[in-house]
Amino acid sequence: MLTSSPSVAMATISIDKPRSLVDERISIRVENLPSNAPVTLRLNIKESYGSFSAFGHYMSDSSGCLSPDSSSSLGGTYTGVDSMGLFWSLLQDPAEKSGLRLLRREAEIPLRYQLTALPGHVTWEQLTNPETEIKPFCSANLERTYLADSVERIPVRVGRLRGALFKPRSQRSCPPVIDLFGTGGGLMEHRSALLAKEGFSVLALAYFNYEDLPDTIVEYDMDYFEEAVDFMLACPYSRLGPKGGVGLIGVSAGADIVANAAILFGDKIRAVAWLNGTPCRNFYQARYQGRLLPAQVIFNASKIKQAAPNPLGIDLRECVQPTRDQELPVEQASARFLFFSCLDDYSVSPEAGARLADRLVRAGRTDVERIAYPDAGHLLEPPISPCTALCYHGLLKVYMYYGGKPEWHHRAQVDSWARMIRMFHEELGWRDDGRQVAKL
């Protein structure tokens, strides 16, 4: 139990888990406040690239206590009763440059927050104005991390492959999964680390702009991704299920890559979680075994628009319009597919997942599911991560409007995460892994 040092009277903040995992719920309680009084709780995190805040307006009870577990937020960045509302509703402070994304690429470095209780119902403008002087009741610090103590990180430098493998310390081998992100480049570890604690060996795979890999991406080298699949199939930390094969997760361009991999690599791929990709080969060509893959759809830059919700960002939804013959032939894959489509996504067509799922259904496949989330945006992350609607894309040098309304985006992340874990246990695990599925 963490108890802060009071700065006014004897008010204190207690946090049941001062160090917790990013997807873990915690309990916060503020005591010794004035009775039946308006109180503002502010959560703030300062990173090297910018600052993010969230706040809620509450009323203390007759005993001078409040807890987001049971106390309703009457205003702020979220409303209603939600113990984690301050975390999933974080926004960049308005004084910061536009398009920031709260993200920790390195799973071993925790996120460090400050929680402050303030008198009255303080506005966003007052909270984020450095000249505003409001004496707080009390404050406390807390940490959130992606890497559980029970999970180990193993650097991967094998042949051309670059990345990091995460696995439970208590298990020699687990069902294997490969985790891919999009055109942001570098190595993204956060999702892999969280997934590993659910009983998987997860390879966070970089494919450009990391160590000695190419600085930029010109085309998808599918041979590189097959090397990663073969590595995980033979890895001593992998325990293959009775059906064999690995699981794949991909978001954005990563979704395009994992769909291509399932088509090309046959039974090596057992299950695919596809998040907000496109229905065809576009933007970057794909090369496999020395040949360019067919049916690339040209990205039509003339269709780029300003995003209506925020004109600073761009809307790319009409830039890729494939015919049915140009769609990815996912029916040629033997893997089980789980398609996630966020309907407030402005960077890809929200119908992409439905089009690919329809191809599988038309081919008589029943091991396919497409989930659509209204008012969720492009960047579907693990649970309790904040929504990033506008984000500056370092590779493309533009502001992307990824969309999403915080509460609905949060709900989509909670649901999609549970569905992915369930599918991977069902397709990659043995019977004794059923206890993991039941836990969900």
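How each quantity is defined
Per chain, residue numbering runs from 1 following the sequence as it is written. Side-chain atom pairs in this predicted model are given and counted only at pLDDT of 80 or more, local residue features only at pLDDT of at least 70, and totals for whole chains, interfaces and linings cover all residues. Side-chain numbers here rest on the full set of heavy atoms in the structure, without hydrogens or water. UniProt positions are given in the numbering used here, feature names are shortened, and annotations may be inferred rather than shown by experiment. The pairing criterion for strands is at least two bridges between them, as found by DSSP. Secondary structure elements are taken from DSSP: a helix is a run of H or I of four residues or more, a strand is a run of E of two residues or more, and numbering for both begins at the N terminus. A cavity here means a set of 1 Å grid points, computed over protein atoms only, where a 1.4 Å probe fits but cannot escape. A pocket is an open set with protein on both sides within 12 Å along at least 5 of 7 lines, and lining residues have an atom within 4 Å of a point. In this description, contact between two residues means that some pair of their heavy atoms is separated by no more than 4.5 Å. Pairing of N or O atoms within 3.5 Å defines a polar contact, subject to two protein rules: one partner must be a possible hydrogen donor and the other a possible acceptor, and residues neighboring in sequence count only if both atoms are side-chain atoms. To get an axis, a line is fitted to the C-alpha atoms, and for a helix only the part in contact is used. The angle between two axes follows their N-to-C directions and goes from 0 to 180 degrees. In these notes the angle categories are as follows: under 35 degrees is roughly parallel, over 145 is roughly antiparallel, 65 to 115 is roughly perpendicular, and the rest is oblique. Residues are grouped as follows: nonpolar covers Ala, Val, Leu, Ile, Met, Phe, Trp, Tyr, Cys and Pro; charged covers Asp, Glu, Lys and Arg; every other residue, Gly included, is treated as polar.

Where an unreviewed UniProt entry is consulted, the chain appears under the name BAAT_C domain-containing protein, with the organism given as Macrostomum lignano. Here the chain is described in UniProt, under the heading Sequence similarities (unreviewed entry), as follows: "Belongs to the C/M/P thioester hydrolase family."

*Asks:* Looking at this model, I keep getting lost on the sheet that holds strand E3 (residues 19–21). Mind explaining?
*Replies:* With mixed pairing, 6 strands are arranged side by side in an open sheet as E3-E9-E8-E5-E6-E7. The two strands at the open ends of the sheet, each matched to only one other strand, are E3 and strand E7 (91–92). With 6 bridges connecting them, strand E5 (residues 38–47) and strand E8 (residues 111–119) associate as antiparallel partners. Opposite arginine 42, over in E8, you have threonine 116 as the bridge partner.

*Asks:* Just checking my understanding: could you explain the UniProt feature "active site" (unreviewed entry) in the chain for this structure?
*Replies:* Here, UniProt's "active site" (unreviewed entry) annotation points to Ser252, Asp345 and His378. The greatest C-alpha distance among the residues just named is 10.7 Å, despite their covering 127 residues of sequence, which places them together in space. Residues from the annotated list that form part of the lining of the largest pocket: Ser252 and His378. For histidine 378, the position within the fold is in the loop between strand E24 (368–373) and strand E25 (390–393). Excluding anything up to four places from it in sequence, histidine 378 contacts Val251, Ser252, Asn276, Asp345, Ser347, Val348, Tyr402 and Gly403. At a separation of 3.0 Å, a polar atom in the side chain of histidine 378 contacts the side chain of serine 347.

*Asks:* What should I look at first to understand the packing of helix H4 (residues 222–234) against helix H5 (residues 253–265) in this one?
*Replies:* For any two helices packed against each other, the geometry comes down to the angle between their axes and how far apart the axes lie. Running from amino to carboxyl end, H4 crosses H5 at an angle of 75 degrees, the nearest separation of the two axes being 10 Å. Relative to H5, the element H4 is oriented roughly perpendicular. Contacts from Met222, Phe225, Glu226 and Val229 in H4 reach Ile257, Asn260, Ala261, Leu264 and Phe265 in H5. Of the residues assigned to the contact of H4 with H5, the class counts are 7 nonpolar, 1 polar and 1 charged.

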